[in-house]
Amino acid sequence: MPEVVVDVVLKPEISDPQGQAVLGALGRLGHSGIRSVRQGKHFVLEVDGEPDEAELRQIAETLLANPVIEDVELQLRTN
Amino acid sequence: MRIGVITFPGSLDDVDAARAVRLAGGEPVALWHGDDELAGVDAVVLPGGFSYGDYLRAGAIAARAPLMRSVIDRASEGLPVLGICNGFQVLCEAGLLPGALTRNSHLHFRNRDQGLLVERADTAWTSSFTTGQQIVVPVKNGEGRYVAADADLDRLEGEGRVVVRYVGGNPNGSSRDIAGVASEDGRVVGLMPHPEHAVEELTGPGTDGLGFFTSVLAALVVAA
């Protein structure tokens, strides 16, 4: 069944306190070489039949992500 | 005057909002998010809480609820709409107000009595105040940090659409201390603090919050 993977991350100009908290923990664990962490969301959609890319893009850009604060990336996976 | 209060699955402050409407002299009307019609109400309040468990993003799924289609339609015709806390998040997600609300910069839930500066006393929900008046109402949120692109913030400031601003400390890292904003026509207002929790001396820090509800009743009388 075709799968669509949607990754959502905060825009670079929006501060990400959760990512910063993870970065702080990494520093305490001795991983000093990590410069920054940005946390996001990962969606996997299973699609019946042939995926309609325009429709999926609309779903990703209007519901899965909030375009005011988030960027979205869409990948079609067929197996 | 009939003021609708919409309950979503996960709303918490709908009863307090209805009570505030009643104390201000209005008639609260309970509305359900799954309804199609607004039952002829004269204004609508979207209350605080965690609609749909704040899944996806706070307010994101509630903004697509059936009744919200009517709210969006009627707002374009001037229906006064007030979004409090989660209700503000819903209004931003629905595109009725600009910007977005995201995780507090310090990552903590913040719950306290909060000073606010009223910068717009000519919206449908703030006419009982005077410009420059300072009020105190409770704030309680984990995702209350107001953000928007710098250009959009400049435009909002230029158009005078910042309704209330935090004073005496910013509880969540909101851009430019913004606590609440209005639509272009001043009929739709959203704010993170909770005026419905400051309507009686017994249960709140004072009665400053009542002004939001008396304002809309006055606006409706003028319109009628």
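Predicted model only: the values in this text are computed from it and were never measured.

Peer 1: What's the story with the state of the cysteines in this structure? I'm lost.
Peer 2: In a disulfide, the sulfur atoms of two cysteines are covalently bonded to one another. The tally for this structure, following the rule as stated, stands at zero disulfides over all chains. Summary of cysteine pairing: B:Cys85 is not part of a disulfide, and the nearest cysteine sulfur, belonging to B:Cys92, is at 12 Å.

Peer 1: Whenever I open this one, the pattern of salt bridges confuses me. Can you help?
Peer 2: Once their charged atoms are close, side chains differing in charge can pair, the charge on each being opposite to the other. All names here are of chain B. Evaluation of the coordinates by the stated rule reveals 22 salt bridges over all chains. Glu200 is paired through a salt bridge with Arg19; the nearest N and O atoms lie 2.8 Å apart. Placement of Glu200 in the loop between β11 (188–191) and α5 (210–223) and of Arg19 in helix α1 (residues 14–24) is noted, with a sequence separation of 181 residues between them. You can call Glu200 partly exposed: its relative accessible area is 21%. Between Arg161 and Glu159 there is a salt bridge, with the nearest N and O atoms lying 2.9 Å from each other. Judged by its relative accessible area of 39%, Glu159 is partly exposed.

Peer 1: I would appreciate a short explanation of the layout of surface pockets in the present structure.
Peer 2: In this model, the largest pocket occupies a volume close to 410 Å³. In terms of lining residues, the largest pocket is bounded by 26 residues, among which A:Gln18, A:Lys41, A:Glu70, B:Arg57 and B:Thr102 are the most central. The class makeup of the residues in the lining of the largest pocket is 10 nonpolar, seven polar and nine charged. By volume, the second largest pocket is sized at about 160 Å³. Lining the second largest pocket are 14 residues, and of these B:Gly49, B:Phe50, B:Phe109, B:Asn141 and B:Gly142 lie nearest its centre. At the level of secondary structure, the elements contributing two or more residues to the lining of the second largest pocket comprise α3 (86–93) and β7 (134–141) of chain B.

Peer 1: Sorry, what's going on with the sheet that holds β7(B) here?
Peer 2: Where strands meet in a sheet, backbone hydrogen bonds hold them as pairs that are either parallel or antiparallel. Residues and elements named next belong to chain B. Here we have nine strands laid out as an open sheet, ordered β2-β1-β3-β4-β11-β10-β9-β6-β7, and mixed in their pairing. Either end of the sheet is taken by a strand with one partner, and the two such strands are β2 (27–32) and β7. Pairwise comparison of adjacent strand axes, ignoring direction, gives a mean angle of 25° for this sheet. Judged from the three bridges that link them, strand β3 (residues 43–46) and strand β4 (residues 81–84) form a sheet pairing that is parallel. Across the sheet, residue Leu46 finds its bridge partner in β4, namely Gly83. Here α1 sits on the sheet in contact with β1 (2–7), β2 and β3, set at roughly 175° to β1.

Peer 1: Sorry if this is basic, but what is going on with α3(B) here?
Peer 2: In an α-helix there are 3.6 residues to a turn, and that puts residues three or four apart on one side. Most of α3(B) is tucked away, with eight of its eight residues classed as buried. Turning to α3(B), its buried residues are B:Asn86, B:Gly87, B:Phe88, B:Gln89, B:Val90, B:Leu91, B:Cys92 and B:Glu93.

Criteria and thresholds
Residues numbered from 1 in each chain as written. Chains lettered and ligands numbered in written order. Predicted model: local features only at pLDDT ≥ 70, side-chain atom pairs only at ≥ 80, totals over all residues. Heavy atoms only, no water. Disulfide = S-S within 2.5 Å. Salt bridge = Lys/Arg side-chain N within 4 Å of Asp/Glu carboxyl O. Helix = DSSP H or I, 4+ residues; strand = E, 2+ residues; numbered from the N terminus. Buried < 20%, exposed > 50% of the residue type's maximum accessible area, 1.4 Å probe, protein only. 1 Å grid on protein atoms, 1.4 Å probe; cavity = no way out; pocket = protein on both sides within 12 Å on 5 of 7 lines; lining within 4 Å. Points joined across faces, edges and corners; volume = space filled by probe spheres on them. Nonpolar A, V, L, I, M, F, W, Y, C, P; charged D, E, K, R; others polar. Pairing = 2+ DSSP bridges. Axes fitted to C-alpha atoms, helices over the stretch in contact; angles between N-to-C directions. Contact = heavy atoms within 4.5 Å.

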